[in-house]
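Architecture and fold: a report
Residue strings, one per chain:
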Amino acid sequence: MSIEKSKKKRAAGAVPNQMKNDKMITAGTILLNRFEVQDMIGGGGFAQIYKALDNQDNNTEVAVKIEDSKQDIRRMKLEITVLLALRGNLGIPEIMGMGKTKEGHFCIMQLVGRNLSDVRRKLPNKCISPKTLYRAMLQVLRALSIIHGAGFLHRDLKPSNCCVGYIDSTRIYLIDYGLTRQYLDKGGIVRKPRQGVGLRGTIRYMSLDGHARRDLGPNNDLVAFLYTTIELGDGQLPWSYEREHDDIIKLKQAYVGEKLCAKQPKMTKVAEYIESLNYHSIPDYDKLFSMVEECNPPDLKPTDLYDWQSL
Ligand code: ADP
């Protein structure tokens, strides 16, 4: 669960893990006269995710994300706004509807498969193989470039927010737009950074700027991308088992560039480039795409399966 979410949850007086236990919708409920709710398939910090069948489209399986009406409605509104703005783009789940029950606000979206955090943990050596990792992360990077290009920051990129496609398991989708922020103004100019902002995102994947409560830019999403890649490929980050912020910060300061990428040396160039960016930098995505592509093992074939396809 992300920091911002846990803070709001406590403020609303919710019981921890409630989202995972008490079902907000019962199986068989029909939403928007069309979507028949099935089982609950996930519970995040605030939301519950259900599978549903679309009665108007050959019972296609979709996902329902519902947030308790006691929660701050702005998060769901934001998620819906961003999903609508990004509609039709590769790597972004399609949104099919939205509404409200007495339990909470919901949106209907494309069903995706397992998230990469769960996938990694299920693999025998708890690491995603290089042949899978960089192909997958290239897709995450493309989705991120689309989000940034539309003027938004994701602000909670992490392995559990990167999901394998449900129908096409060679695709990766970036989910959870409840913490996004518009960083470009209407004229496409980067908004002035604010001072002393609250913590946003998830500690483990947060950049040092985030720890310092600086306003975040696209570079900080890229740091989260870098930490996500290292964790998925190495099985952990150097600070994975630290609990204290100060200890985590010290390790993040110590593990940069070559040292951070000791087990994935080809990622060093990517790390150094990302670390060279600041709030105002416009990332050169083409450069990043080719640097991540270069990380692919030379014997990679287009027919090679992704790790989860043989799980
Ligand atoms: P929260 O906003 O509460 O953190 P998320 O959107 O991150 O909730 O979803 C929590 C989990 O539910 C995800 O890690 C994922 O495994 C699952 N999930 C989310 N969206 C979908 C979806 N569209 N299809 C299938 N599973 C999903």
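Each remark here, short or long, concerns the structure printed above.
Residues numbered from 1 in each chain as written. Predicted model: local features only at pLDDT ≥ 70, side-chain atom pairs only at ≥ 80, totals over all residues. Heavy atoms only, no water.

**Describing the packing of helix H7 (residues 218-234) against helix H10 (residues 268-275)**
Closest axis-to-axis distance for the H7/H10 pair is 9 Å, and the angle between their directions is 155°. Here H7 lies roughly antiparallel to H10, going by the angle between them. Note that H7 runs across H10; the crossing there is left-handed. Taken together, the residues of H10 that come into contact with H7 (itself represented by Asn-219, Leu-222, Val-223, Phe-225 and Leu-226) are Val-270, Ala-271, Ile-274 and Glu-275. The class makeup of the residues in the contact of H7 with H10 is seven nonpolar, one polar and one charged. (Axes fitted to C-alpha atoms, helices over the stretch in contact; angles between N-to-C directions. Helix = DSSP H or I, 4+ residues; strand = E, 2+ residues; numbered from the N terminus. Parallel < 35°, antiparallel > 145°, perpendicular 65-115°, else oblique. Left-handed = near helix turned anticlockwise from the far one by under 90°. Contact = heavy atoms within 4.5 Å. Nonpolar A, V, L, I, M, F, W, Y, C, P; charged D, E, K, R; others polar.)

**As for the sheet that holds strand E10 (residues 172-174)**
In spatial order, the strands read E7-E9-E10; together these three strands make up an open sheet with antiparallel pairing. Whereas interior strands pair on both sides, the edge strands pair on one side only; in this sheet they are strand E7 (112-115) and E10. Strand-to-strand, the axes of this sheet are offset by a mean angle of 45°, without reference to chain direction. In this fold helix H5 (residues 130-149) packs onto strand E9 (162-165) and E10, with an angle of close to 35° to the strand it touches most, E10. (Pairing = 2+ DSSP bridges.)

**A closer look at the environment of Leu-174**
With respect to the helices and strands, the residue Leu-174 is situated in strand E10. By relative accessible area, which is 1% here, Leu-174 ends up buried. Through-space distance from the C-alpha of Leu-174 to that of Asn-115 is 9.4 Å; in sequence the pair is 59 residues apart. Excluding its chain neighbours within four sequence positions, the residues that come into contact with Leu-174 are Gly-91, Pro-93, Val-140, Ala-143, Leu-144, Ile-147, His-154, Leu-157, Asn-161 and Cys-162. (Buried < 20%, exposed > 50% of the residue type's maximum accessible area, 1.4 Å probe, protein only.)

**Notes on the site of the ligand**
Around the ligand there are 18 residues in total, and Gly-45, Lys-65, Gln-110, Val-112 and Asp-176 lie nearest to it. Gly-45 has a polar backbone atom sitting 3.0 Å from an oxygen atom of the ligand. Contact distances for the ligand include 2.9 Å between a nitrogen atom and a backbone N or O atom of Gln-110. Taking 550 Å² as the accessible area of the ligand by itself, protein coverage stands at 89%. Of all the secondary-structure elements, those providing two or more residues to the shell around the ligand are strand E3 (47-54), strand E4 (60-68), strand E6 (104-110) and E7. Along the lines of polarity and charge, the residues of the shell around the ligand split into nine nonpolar, six polar and three charged. (Near = heavy atom within 4 Å. Polar contact = N/O pair within 3.5 Å; in protein donor to acceptor, adjacent residues only side chain to side chain. Areas by Shrake-Rupley, 256 points an atom, 1.4 Å probe, with all protein chains shown as cover.)

**Thoughts on the side chain of Ser-145**
On the secondary structure map, Ser-145 appears in helix H5. Within the local environment of Ser-145, its side chain forms a polar contact with the backbone oxygen of Arg-142, the two atoms lying 2.8 Å apart. The contact partners of Ser-145, leaving out residues within four places of it in the chain, are Tyr-285 and Phe-289.

Any link to function would need more than the numbers given here.
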